[in-house]
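Each chain, written out:
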Amino acid sequence: MSAPTIDIVMPYYGDVALMQAAVRSVQAQDDPNWRLTVVDDGTAEGVPEWFAGLGDERVRYQRNEVNLGVTGNFNKSLSLAEHERVVIMGCDDLLLPNYVGVVRAVHADHPGAGIIQPGVRVIDGSGQEVRTLVDEAKRRVYAPKVDGRLVLSGEDLAVSLLRGDWLYFPALCWRTEAIQAVPFPAELRVIQDLAVLIELVRRGESLVVDDTTAFCYRRHAGSESSGAAVDGSRFTEAGRYFTDTADRMAAHGWHRAARVARLHLSSRVFALTLLPQALKGRSGVGPLTRHVFGSGRAR
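Described in the following lines is the structure provided in the data block. (Residues numbered from 1 in each chain as written. Predicted model: local features only at pLDDT ≥ 70, side-chain atom pairs only at ≥ 80, totals over all residues. Heavy atoms only, no water.)

Structural notes on the overall build of the protein chain
The test is simple: Only DSSP runs of H or I reaching four residues or more are called helices, and only runs of E reaching two or more are called strands; each is numbered from the N terminus. By the convention used here, residues are in contact when the closest approach between their heavy atoms is within 4.5 Å. Per-residue and other accessible areas were derived by the Shrake-Rupley procedure at a 1.4 Å probe size, with only the shown protein chains allowed to occlude residues.
Each helix and strand in the protein chain was counted, giving 13 helices and nine strands. Restricting to contacts in the protein chain with at least 6 residues of sequence separation, those with at least 24 account for 78%. With the model as given, the accessible surface of the protein chain reaches about 13600 Å², and the carbon-plus-sulfur share is 52%.

This is the structure we're talking about:
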């Protein structure tokens, strides 16, 4: 089976310069078998003209007539994918030149895999490589050890991700048919990625991790998830999600996964690390405290 062309969809809203850098990183791929679709949910001047001037038939651009919001634009962007594999790239992230080649090679060896995770480098707003507490926890505590490639699936994978989501969602390459069958939940703002992952795992999809570094994930304070963490709304959402997921895992017969979801220890620890900042700024204290010390039962 030949490796497919990779559909890269980019739901866009925000910084124009970062988006342009992301687009250029796609154009700089060593492997030319890709197509990029950018769906603009904003109104910044000059953006349509910039795309028109690229002169690259592999780059498609459209601007939404009305703002769809984060989840709505994700779902629209995903619906436009037509090839066998799709990447939902962040509009402030960067592909390294080998990205498309790496995921196509993994696909050639594991064509049935629902999800492919290549190696990731974390960068800050200025593009410098950084090591944050969150990312060190992902790498050292939650992620399995990978030497080359590792294939994971079933309840073991669900337990691993519910203990601590160590994947980098914008870097993932998906089997298009699988992810298009699981829309991003409209009621979630910042934990949609984990919700989609767990549902796909529950449906039987496998994950292949390749340790070849091929993606730059940008972590900075301007992201939706960063703001929601500071004001505590992320954890109100997370508490509901983990309680509901524990019930779903139990109903599916995955009782270890249900217990881990009920405990959601990594999410509680993350909230605990933000409490001093919240107390100082007198913002988000209530949601953070409830998340850290709550029972894990529905409220």
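Overview of the pattern of salt bridges
Our working definition: Put simply, a salt bridge is a Lys or Arg side-chain nitrogen that is within 4 Å of an Asp or Glu carboxyl oxygen. Only protein chains enter the accessibility calculation, which uses a 1.4 Å probe; a residue whose area is less than 20% of its type maximum is buried, one above 50% is exposed, and one in between is partly exposed.
Tallied over the entire structure, the rule returns 18 salt bridges. Across the pair R256 and E155 runs a salt bridge whose closest N-O atoms are separated by 3.9 Å. Within this pair, whereas R256 is found in helix 11 (residues 255–263), its partner E155 is found in helix 6 (residues 154–163), the two being separated by 101 residues in sequence. On the basis of relative accessibility, which here comes to 36%, the residue R256 falls in the partly exposed class. The network of salt bridges with shared partners includes R131, E136, R139 and R140.

With respect to helix 6
Burial within helix 6 is extensive, with seven of its ten residues counted as buried. All buried positions along helix 6 are accounted for by E155, L157, A158, V159, S160, L161 and L162.

Some remarks on the packing of helix 6 against helix 11
This is how it is decided: Under this scheme, a helix contributes an axis fitted over its contacting stretch, all axes are lines through C-alpha atoms, and angles between N-to-C directions fall in the 0 to 180 degree range. Orientation labels follow simple angle bins: below 35 degrees gives roughly parallel, above 145 gives roughly antiparallel, 65 to 115 gives roughly perpendicular, and whatever is left gives oblique.
Two elements in contact, helix 6 and helix 11, have axes separated by 9 Å at closest approach and are oriented at 5°. The orientation of helix 6 relative to helix 11 falls into the category roughly parallel. Across the interface between the two elements, E155, D156, A158, V159, L162 and R163 of helix 6 pack against H255, R256, A257, V260 and A261 of helix 11.

Thoughts on the nonpolar core
What counts here: Nine residue types can take part in a nonpolar core, namely buried Ala, Val, Leu, Ile, Met, Phe, Trp, Tyr and Cys, and a core is a set of them joined through side-chain atoms within 4.5 Å.
By size, the foremost hydrophobic cluster in this structure holds 43 residues, and its most contacted members are L161, W166 and W174. The element contributing the most residues to this core is helix 8 (residues 192–202), with seven residues. Ignoring any residue separated from it by four or fewer positions in sequence, one finds W166 in contact with K138, Y142, A143, P144, L152, L157, S160, L161, L207 and V209. Listed in part, the 34 residues of the second largest apolar core include V23, W34, Y99 and V100.

With respect to the pairing of strand 3 (residues 59–63)
Here is the rule we go by: At least two DSSP bridges between two strands are required for those strands to pair.
Two elements, strand 2 (residues 34–40) and strand 3, share five bridges in a ladder whose sense is parallel. Its bridge partner being in strand 3, L36 is matched across the sheet by V59.

Some remarks on the packing of helix 6 against helix 8
For clarity, the threshold we go by: Left-handed describes a crossing in which the near helix is turned anticlockwise from the far one by less than a right angle; the clockwise case is right-handed.
Contact pair helix 6 / helix 8: the axes reach a minimum separation of 9 Å and the direction vectors enclose 165°. As far as their axial angle goes, helix 8 and helix 6 are roughly antiparallel. When the axes of helix 6 and helix 8 are compared, the crossing they make is left-handed. On the side of helix 6, the interface is formed by G154, L157, A158, L161 and L162, while helix 8 contributes L194, L197, I198 and V201.

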